[in-house]
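# Coordinate inspection notes
Below are the chains, spelled out letter by letter.
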Amino acid sequence: MPQDAVKIAPSILAANFARLGEQVAEAERCGADRIHVDVMDGHFVPNISMGAPVVKSLRQVTRLPLETHLMISDPDFFFDEFVEAGSDSFIVHWEGNNNLHRTIHRVKDLGKRVGLAINPATPASVLEEVLPDLDLVLVMTVDPGFGHQHFIHSTLAKIRRVRRIIQQVWPECELELDGGIDATTASLGVAAGANVLVAGTSIFGASEGVAAGMKHLRAAINQTRN
């Protein structure tokens with residue numbers, strides 16, 4: 001896979017919300033490909049984060065695609081308000097979804113890109129029946145619900161399995177990773193087959209600032225090519 005095709009999706013979960021618009025704009029200037037918005041409801045995962053008003057605010061400050069990761073129960077009830085706010089794509093979870101086929105096609109009927117996330121303990125094999133309907137598979141490399149977690153290295157074998165399934169079934173599907181992505185784990189993930197990386201703390205929490213965080217991550221991706 002050509003490493004220059006690897007995309008970076010900064011996660012605003014780690015941003016300074018007092019400076020959210022400013023930090024997102026800086027990430028865009030520094031080469032971010034999309035903005036990842038983690039939505040949590042305190043039911044599907046043990047945390048509460050943000051909703052459609054944040055997406056609406058972001059839509060006014062960036063031209064980048066807004067990727068909305070719905071870590072929530074019953075996501076079908078919320079698509080319309082996020083579409084109205086400006087979401088460009090949705091990622092829903094395999095776990096706990098009562099009618100995944102219907103959910104996926106609801107997003108497609110809205111004219112938006114759709115992705116499916118699988119948690120660290122969920123096997124890659126669950127993708128086979130729905131993969132042709134997807135634009136993206138998101139492999140969680142931490143257990144969802146909180147930022148600032150460490151990359152679970154045992155997920156690397158699953159990332160390689162997912163890449164093989166994608167190549168066999170639907171090569172146009174993107175393979176995204178989310179959780180503990182930094183300059184070290186980015187290289188490991190890309191080598192395993194990922195072509196989109198969600199990164200929060202290593203970008204928005206970088207001690208030298210957003211620009212430096214983006215630079216270090218991109219350098220790690222480019223080094224994987226060598």
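Residues numbered from 1 in each chain as written. Predicted model: local features only at pLDDT ≥ 70, side-chain atom pairs only at ≥ 80, totals over all residues. Heavy atoms only, no water.

### What about the packing of aromatic side chains?
Just so we agree on the cut-off: Each aromatic pair joins two rings of Phe, Tyr and Trp (for Trp, the six-membered one) with centres within 6.5 Å, and gets the label stacked for planes under 30 degrees apart, edge-to-face for over 60, and tilted for any other angle. Only protein chains enter the accessibility calculation, which uses a 1.4 Å probe; a residue is then buried when its area is under 20% of its type maximum, exposed when over 50%, and partly exposed in between.
Evaluation of the coordinates by the stated rule reveals two aromatic pairs. Pairing Phe82 with Phe90 gives two aromatic rings, centres 6.5 Å apart and planes at 80°, and the pair type is edge-to-face. Phe90 matches Phe82 in its accessibility class, with the two residues each being buried. Aromatic rings pair up to connect Phe79, Phe82 and Phe90 into one cluster.

### Quick look at unusual backbone geometry
Defined as follows: Numbering of helices and strands starts at the N terminus; helices are DSSP runs of H or I of at least 4 residues and strands are runs of E of at least 2.
Despite not being glycine, Asp74 shows a phi value in the positive range, around 50°. Mapping Asp74 onto the fold places it in the loop between strand 3 (66-71) and helix 3 (79-85).

### Examining the sheet that holds strand 2 (residues 35-40)
Spelled out, the test is: A strand pair is defined by DSSP finding two or more bridges across the two strands. Axis definition: a line fit to C-alpha positions, over the contact stretch in the case of helices; interaxial angles, taken between N-to-C directions, run 0 to 180 degrees. Contacts were defined at the residue level, with two residues in contact if any of their heavy atoms lie within 4.5 Å.
Strand order in the open sheet formed by eight strands is 1-8-7-6-5-4-3-2, and the pairing between neighbours is parallel. Each edge of the open sheet is held by one strand with a lone partner, namely strand 1 (7-10) and strand 2. The average angle at which neighbouring strand axes cross in this sheet is 25°, direction not considered. Bridging between strand 7 (residues 174-178) and strand 8 (residues 196-199) involves three bridges; their strand directions are parallel. Each bridged residue has a counterpart across the sheet, and for Glu176 the counterpart in strand 8 is Val196. On top of the sheet, helix 2 (residues 52-59) reaches strand 2 and strand 3; it is set at about 170° to strand 3, its chief contact.

### What about the nonpolar core?
So the rule is basically this: Working definition of a nonpolar core: buried Ala, Val, Leu, Ile, Met, Phe, Trp, Tyr and Cys residues. They are joined through side-chain atoms within 4.5 Å.
Ranked by internal contacts, the top residues of the largest apolar core, which has 62 residues, are Ile12, Leu58, Val137, Val162 and Leu197. By residue number, the principal contributor to this core is helix 5 (residues 155-169), which donates five residues. In contact with Val162, not counting residues within four places along its chain, are Ile118, Ala124, Leu127, Val137, Val139 and Leu175. If you look at the next biggest cluster of nonpolar residues, it comprises six residues, including Ala117, Leu138, Met140 and Val142.

### What about the side chain of Lys158?
Our working rule: Only four residue types enter the charge count: Lys and Arg as positive, Asp and Glu as negative, with His and the chain ends excluded. We define a salt bridge as a side-chain nitrogen of Lys or Arg found within 4 Å of a carboxyl oxygen belonging to Asp or Glu.
Looking at the secondary structure, you find Lys158 in helix 5. Buried charged residue Lys158 carries no salt bridge. Nearest counter-charge: Glu95, at 6.6 Å. Not counting chain neighbours up to four residues away, the residues in contact with Lys158 comprise Ile118, Asn119, Pro120, Ala121, Thr122, Pro123, Ala124 and Val139.

### Things to note about the pairing of strand 8
Put simply, side chains in a regular strand alternate between the two faces of the sheet. The criterion, for reference: The crossover handedness rule: strands pointing away from the viewer, path from first strand over the helix to second strand clockwise, crossover right-handed.
A two-sided burial pattern is seen for strand 8, the buried positions comprising Val196 and Val198 on one face and Leu197 and Ala199 on the other. Assessed by its sense of winding, the connection that carries the chain from strand 7 through helix 6 (residues 183-192) to strand 8 is right-handed.

### As for the environment of Ala191
Summarising the element assignment, Ala191 is placed in helix 6. Take Ala191: its relative accessible area is 60%, and that puts it in the exposed class. For the pair Ala191 and Ala14, spaced 177 residues apart in the sequence, the C-alpha separation amounts to 25 Å.

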